[in-house]
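# Examining the three-dimensional arrangement
Residues per chain, in single letters:
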Amino acid sequence: MEDLPDIRIGTAEREAAMQRLSDHFAAGRLSVAEFDERSAVIAAAVTRGDITPVFADLPDPLVKAAAVPAKPESGFLSEWPERVMAVIPILAVILFFATGSWLWFLAIPLMGALLFGSRHNQDDRGRDRRRDRRGRGRDAID
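Residue positions are given per chain, counted from 1 along the sequence in the order it is written. Only residues with pLDDT of at least 70 are given local features in this predicted model, and only at 80 or more are side-chain atom pairs given and counted; all residues enter the totals for whole chains, interfaces and linings. Based on all heavy atoms of the structure, the side-chain values leave hydrogens and waters out of the count.

### Description of the overall build of the chain
Here a strand is any run of E in DSSP of at least two residues, a helix any run of H or I of at least four, and the numbering for each starts at the N terminus. Broken down by element type, the chain carries 6 helices and 0 strands. Walking the chain from its N terminus toward its C terminus, one meets helices and strands in the order α-α-α-α-α-α. Any residue under 20% of the maximum accessible area for its type is buried, any over 50% is exposed, and the rest in between are partly exposed; the area is computed with a 1.4 Å probe on protein chains only. Residues counted as buried form 17% of the 142 residues belonging to the chain. Sequence separation of 24 or more characterises 49% of the internal contacts of the chain that already satisfy a separation of 6 or more. Surface summary for the chain: the accessible area is close to 11,000 Å², and the carbon and sulfur share equals 62%. Contact criterion: two residues are considered in contact whenever any of their non-hydrogen atoms come within 4.5 Å of each other. All accessibility values rest on the Shrake-Rupley procedure with a 1.4 Å probe; residue burial counts only the protein chains present in the view.

Printed below as a string of structure tokens:
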């Protein structure tokens, strides 16, 4: 596909190229000025050959994907705490109007603490970071 530089491109190819360029910018490979220059070239591109020089000094996206471990597939229930937490304020408002008691709004922070409280005390590898009585983490070396 890349071996035919004189083939005209459309909006979809320009948008895909802009997305790739944005990914490189987000990764810190481009300055703002470089991003602006290269995005102008992509916006004015007519053929594939016009876009190829924009990515000449940037790594291939396949290399980036190989360097970063793939995130496991998430199913519908993998984010259930976030989904439940999104419903809690709505439920609290409904119960407030149904019963007239403002105490239902206390369920919002309570559910937040119950659903997300244990995540705060774990590091990126899932180890417990809570402190012992001496002020050191449990995973600290004695």
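### Topic: the packing of helix α1 (residues 11-26) against helix α2 (residues 32-44)
In contact at an axis separation of 10 Å, α1 and α2 are set at 170° when each is read in the N-to-C sense. Here α2 runs roughly antiparallel to α1, going by the angle between their axes. Where α1 approaches α2, its residues Arg14, Ala17, Met18, Leu21, Ser22 and Phe25 are matched on the opposing element by Val32, Phe35, Arg38, Ser39, Ile42 and Ala43. Note that Gly is not counted as nonpolar here; it falls among the polar residues with everything else outside the nonpolar set of Ala, Val, Leu, Ile, Met, Phe, Trp, Tyr, Cys and Pro and the charged set of Asp, Glu, Lys and Arg. Here the residues of the contact of α1 with α2 sort into 8 nonpolar, 2 polar and 2 charged. Helix axes are fitted to C-alpha atoms over the stretch in contact, other axes to C-alpha atoms as well, and angles between N-to-C directions run from 0 to 180 degrees. Oblique is the label for any angle not under 35 degrees, not over 145, and not in the 65 to 115 range, which are roughly parallel, roughly antiparallel and roughly perpendicular in turn.

### Some details on the nonpolar core
Each nonpolar core is a collection of buried residues, namely Ala, Val, Leu, Ile, Met, Phe, Trp, Tyr and Cys, held together in the definition by side-chain atoms within 4.5 Å. Listed in full, the 11 residues of the largest apolar core are Ile9, Ala17, Leu21, Leu30, Phe35, Ile42, Ala45, Ile51, Val54, Phe55 and Leu58. When residues of this core are traced back to their parent elements, those giving at least two are α1 and α2. If near-sequence neighbours (up to four positions away) are discounted, Phe55 is found in contact with Ala17, Arg20, Leu21, His24 and Ile42.

### As for the confidence of the model for the chain
Summary statistics for the chain give a mean pLDDT of 77 and a share of 68% for residues scoring 70 or more. As a per-residue quantity, pLDDT reports the predictor's confidence and falls between 0 and 100. The weakest mean pLDDT in the chain belongs to helix α4 (residues 61-67) at 54; the strongest belongs to α2 at 90.

### Some words on the side chain of His24
Tracing the sequence through the fold places His24 in helix α1. Given a relative accessible area of 5%, His24 falls into the buried group. Under this definition, polar contacts are N or O atom pairs within 3.5 Å; protein pairs additionally need one hydrogen-donor-capable and one acceptor-capable atom, and for neighbouring residues in sequence, both atoms have to be side-chain atoms. In this structure the side chain of His24 is engaged in a polar contact, spanning 3.0 Å, whose partner is the side chain of Arg29. For His24, the contacting residues outside a window of four places in its chain are Arg29, Leu30, Phe55, Leu58 and Pro59.

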